[in-house]
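Observations on the three-dimensional arrangement
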Amino acid sequence: MVLKRDSSLVKNAIKLKQKKYRELENKFLAEGIRFVEEAILEGLVEHIFYSKDIFSVNGYERVLNNDLPKYEVDESVIKELTNTTNPQRVVAVVRKPKININKDLEFVVVIDKVQDPGNLGTIIRTCDAAGVDVVYIIKGTVDVYNDKTLRATMGSIFHIPILYYDTFKDAVNDLYSNGFNIYASTLDGEDLYKTNLKGKTAIVIGNEANGMAEEDISLCNKRIKIPMLGRAESLNASIAAAVIIYEALRQRL
């Protein structure tokens, strides 16, 4: 039986495209075989929607050969559940991962009002790859569970704890109480490659267009800058984050 657009299951899933419903239900939508498979492995999938064309997609059995509730829907429903031009024919309703921190924190990245979902997702993915302990998200940053953000994480959303703070000051106070140095990236900072990033380190990634607010910079006890020898005025936020994060990782190895 093919589930129709007016099914309550489908209608409730479509609502999860809106941030307010994701927050209310504590759930989100995962699209595509690889992403849905990651959610299944984490034990977070409630149910799966798929269209009949999925059987022509390589790896379809990885998301359908299980005991989870699964519902066939028309291709038009799949398109309505997603925002991509060519959706991958499978969408899952997924519970947000629980925050679970089981070790003393040493390496933190603070994301302060980053607006581009692709940048945010890429930074989270970089943090995962570099072994960052936790990501702090300051209010005013784009939603972590935005579909574009999720796609850019490539599944890393399931691998790294994320904590949310109403203000930058709240996050800073938390970090200082745990013995962290907090590094703001500024134009007048110390050369990144001459800076000691060992020990308890928190790296702040600011807004793409405006960087960090001066009042937030003043709350940090360290300032760093990425040396730039060419004529470009700045780096993309996710690129800058990767450069700084991996320099901190290099010093830890």
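Reference entry: report on the structure contained in this document. (Residues numbered from 1 in each chain as written. Predicted model: local features only at pLDDT ≥ 70, side-chain atom pairs only at ≥ 80, totals over all residues. Heavy atoms only, no water.)

Regarding its fold elements, the protein chain presents ten helices and eleven strands. Taken over C-alpha atoms, the radius of gyration comes to 20 Å for the protein chain, in line with the 18 Å a tight globule of 253 residues would show. By principal-axis analysis of the C-alpha atoms, the protein chain measures approximately 65 × 40 × 35 Å. Counting all 253 residues of the protein chain, 47% fall into the buried class. Long-range contacts, defined here as pairs at least 24 residues apart, represent 76% of the contacts in the protein chain between residues at least 6 apart. For the protein chain, the computed accessible surface area is about 13,000 Å², with 47% contributed by carbon and sulfur atoms. Placing the 34 positive and 35 negative side-chain charges of the protein chain at their respective mean positions leaves the two points 1 Å apart. (Helix = DSSP H or I, 4+ residues; strand = E, 2+ residues; numbered from the N terminus. Rg over C-alpha atoms; globule rule 2.2 N^0.38 Å. Buried < 20%, exposed > 50% of the residue type's maximum accessible area, 1.4 Å probe, protein only. Contact = heavy atoms within 4.5 Å. Areas by Shrake-Rupley, 256 points an atom, 1.4 Å probe, with all protein chains shown as cover. Lys, Arg positive; Asp, Glu negative; His and termini not counted. Charge placed at Lys NZ, Arg CZ, Asp CG, Glu CD.)

Judged by nonpolar contacts, the single largest core of 49 residues is most densely connected at V94 and I245. No other element matches helix α10 (residues 237-252), which puts six residues into this core. Excluding its chain neighbours within four sequence positions, the residues that come into contact with V94 are N26, K27, F28, A30, A39, L44, V45 and F158. In terms of nonpolar packing, the next biggest core, distinct from the first, is built from 20 residues, F180, I182, V204 and M212 among them. (Core = buried A, V, L, I, M, F, W, Y, C linked by side-chain atoms within 4.5 Å.)

Moving on to the side chain of D216. On the secondary structure map, D216 appears in helix α9 (residues 214-217). Put simply, D216 is tucked away with no salt bridge, and the nearest opposite charge, on K113, sits 4.2 Å away. Apart from residues no more than four positions distant in its own chain, D216 is found in contact with D112, K113 and F168. (Salt bridge = Lys/Arg side-chain N within 4 Å of Asp/Glu carboxyl O.)

Before going further, it helps to examine the sheet that holds strand β10 (residues 201-205). The sheet built from six strands is open, its strands ordered β8-β7-β6-β10-β9-β11 with parallel pairing. In this open sheet, the two strands that pair with only one neighbour each are β8 (162-165) and β11 (222-225). Mean inter-strand twist for the sheet, computed between neighbouring axes without regard to direction, equals 35°. With four bridges joining them, strand β7 (residues 134-138) and β8 adopt parallel strand pairing. Its bridge partner being in β8, I138 is matched across the sheet by Y165. Against the sheet, helix α8 (residues 168-177) makes contact with β6 (107-112), β7, β8, β9 (181-191) and β10, and its axis sits at roughly 150° relative to β7, the strand it touches most. Packing of α10 onto the sheet brings it into contact with β6, β9, β10 and β11, and relative to β10 it is tilted by some 170°. (Pairing = 2+ DSSP bridges. Axes fitted to C-alpha atoms, helices over the stretch in contact; angles between N-to-C directions.)

Let's shift gears to α8. Note on helix geometry: an α-helix contains 3.6 residues per turn, so any two residues three or four positions apart are oriented the same way. Within the sequence span of α8, burial applies to F168, A171, V172 and L175. On an axial view of α8, the arc spanned by its buried residues comes to 100°, and they lie on one face. Facing away from the buried side of α8, by more than 90 degrees, are the exposed residues K169 and S177. Buried residues in α8 make contact with β6, β7, β8, β9, β10 and α9. (Arc of directions from axis to C-beta.)

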